[in-house]
Amino acid sequence: MGDMKALARGKFVARFAETDAQKRLVFALRKRVFRAGQTEDEDAFDAHSSHAMISDAITGELVCSFRLLPLRSGAEISRSYSAQFYDLSGLSRFDAPMIEVGRFCTSPDVSDANLLRVAWGFLASHVDAHGCGMLFGCSSFQGADPAAHLEPLALLKERYMGPQRWRPAVKAPEVFRFAQDIETEFDRCRATEAMPALLKTYLRMGGWVSDHAVIDRDLGTIHVFTGLEIAAIPAARKRVLRAIAG
């Protein structure tokens, strides 16, 4: 997957890491974001993934990265990072190429809405190039206490449950079954604001989530499985992403 051309838009340039030095920059950003700079953030899935990196075109600083793990179809779903935490046997019947998007992170020093647009434009170019039928991954909330995330989880329960045929079953030892356990009322605006930016983008494009969250003590987060069927993305949004991708 890493043979695609770089994408330059505004102040950002997106490309795949090709050298060991570039990959070390990716891992260093992940260490800073996911491990508070204390522990390395590398795993066995890195060797089988392409690593996207978005840099400031002027300074050269790496400001965003994520990895893409391609699967030829749902028959390979057990190879994914997400399959460690979710029973994805339903998705094993998905009969088109899939891409798992993982370890998405941005520099804490950068706050620019265009950064996420460039990331999605770069991703869109690879979705088209590889005939991908679904994007998926784990969308994380910072903080491993589900009680801190009840409002956004209540909104997910109300509006964004995945289709039953694809919906993951419980596999992880520690989960919060929010679709079953949450009965609280919530403020829609506040709940939306509290969602991670990446998850909000998935949902705006027609994405869906699992009916339970996995509590990840290692990273100090809770996460929900997130799926996005490419066919479900509204035509207007596809046009915008393809325009960014050029």
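Caption draft 1: Structural detail: the packing of aromatic side chains. Tallied over the entire structure, the rule returns nine aromatic pairs. Ring geometry for F45 against Y81: centres 5.6 Å apart, planes inclined by 85°, an arrangement best described as edge-to-face. Here F45, found in the loop between α1 (20-34) and β3 (50-56), pairs with Y81, found in the loop between β4 (62-71) and β5 (86-87); they are 36 residues apart in sequence, far enough to count as distant. The exposure class assigned to Y81 is buried, which follows from its relative accessible area of 13%.

Caption draft 2: Representation of unusual backbone geometry in the model. The phi angle at A36 is positive, at roughly 55°, despite the residue not being glycine. Residue placement: A36 occurs in the loop between α1 and β3. Using a relative accessible area of 58% as the deciding quantity, one classes A36 as exposed.

Caption draft 3: Fine view of the state of the cysteines. Scanning all chains against the criterion turns up zero disulfides. Counting only cysteine sulfurs, C138 is the nearest neighbor of C132, a cysteine outside any disulfide, at a range of 16 Å. Taking relative accessible area as the criterion, C132 reaches 7% and is therefore assigned buried.

Caption draft 4: Focus on the packing of helix α2 (residues 113-129) against helix α7 (residues 235-245). The contact between α2 and α7 brings their axes to 8 Å, and the two run at 95°. Taken together, the axis directions place α2 and α7 in an arrangement best described as roughly perpendicular. Contact residues: R117, V118, W120, G121, A124, S125 and D128 in α2; L241, R242, I244 and A245 in α7. Across the contact of α2 with α7, the residue classes tally to six nonpolar, two polar and three charged.

Caption draft 5: Summary view of the sheet that holds β4. On the basis of which strands lie adjacent, the open sheet formed by nine strands has the order β1-β2-β3-β4-β6-β7-β11-β10-β9 and mixed pairing. Each having just a single partner strand, β1 (7-9) and β9 (175-176) make up the two edges of the open sheet. Sitting on the sheet, α1 touches β2 (12-16), β3, β4 and β6 (98-106), and the angle it makes with β4 is about 105°.

Caption draft 6: Spotlight on the side chain of H212. Note that H212 resides in strand β10 (residues 208-216). Among the polar contacts listed, one links the side chain of H212 to the side chain of D211, at a separation of 2.9 Å. Non-local contacts of H212, meaning those with residues more than four positions away in its chain, are made with Y86, P168, A169, V170, V175, F176, R177, F178, H223 and V224.

Caption draft 7: Geometry of the pairing of β6. Among the nine residues in β6, eight count as buried, and that is most of the element. Pairing analysis gives seven bridges linking β4 to β6, with the strands arranged antiparallel. The residue bridging S65 from the neighbouring strand is C105, located in β6. Bridge count for β6 against strand β7 (residues 134-142) is three bridges, and the pairing is parallel.

Caption draft 8: Region of interest: the pairing of β2. With four of five residues buried, β2 lies mostly within the body of the structure. Turn length for the β1-β2 hairpin, with the two strands adjacent in sequence and antiparallel, is two residues, and the turn residue G10 shows positive phi of about 60°. The pairing of β2 with β3 spans five bridges and is antiparallel. Considered in β3, the bridge of R15 is made with M53.

Caption draft 9: View of the environment of K5. As for its placement among the helices and strands, K5 is situated in the segment before β1. Accessibility expressed as a relative area gives 74% for K5, which makes it exposed. Taking the C-alpha atoms as reference, K5 lies 9.7 Å from S125; in sequence the two are 120 residues apart.

Caption draft 10: Just α1, in detail. With 15 residues, α1 extends 20 Å between its outermost C-alpha atoms, agreeing within 8% with the 21 Å of an ideal straight helix rising 1.5 Å per residue. Taken together, the buried positions of α1 are V26, F27, L29, R30 and F34. The arc that holds every buried residue of α1, seen down its axis, measures 155°, which confines them to one face. Those residues of α1 that are buried are in contact with β3, β4 and β6.

Definitions and cut-offs
Residues numbered from 1 in each chain as written. Predicted model: local features only at pLDDT ≥ 70, side-chain atom pairs only at ≥ 80, totals over all residues. Heavy atoms only, no water. Phe/Tyr/Trp six-rings, centres within 6.5 Å; stacked < 30°, edge-to-face > 60°. Helix = DSSP H or I, 4+ residues; strand = E, 2+ residues; numbered from the N terminus. Buried < 20%, exposed > 50% of the residue type's maximum accessible area, 1.4 Å probe, protein only. Disulfide = S-S within 2.5 Å. Axes fitted to C-alpha atoms, helices over the stretch in contact; angles between N-to-C directions. Parallel < 35°, antiparallel > 145°, perpendicular 65-115°, else oblique. Contact = heavy atoms within 4.5 Å. Nonpolar A, V, L, I, M, F, W, Y, C, P; charged D, E, K, R; others polar. Pairing = 2+ DSSP bridges. Polar contact = N/O pair within 3.5 Å; in protein donor to acceptor, adjacent residues only side chain to side chain. Expected span 1.5 Å × (residues − 1). Arc of directions from axis to C-beta.

By themselves these figures say nothing about function.
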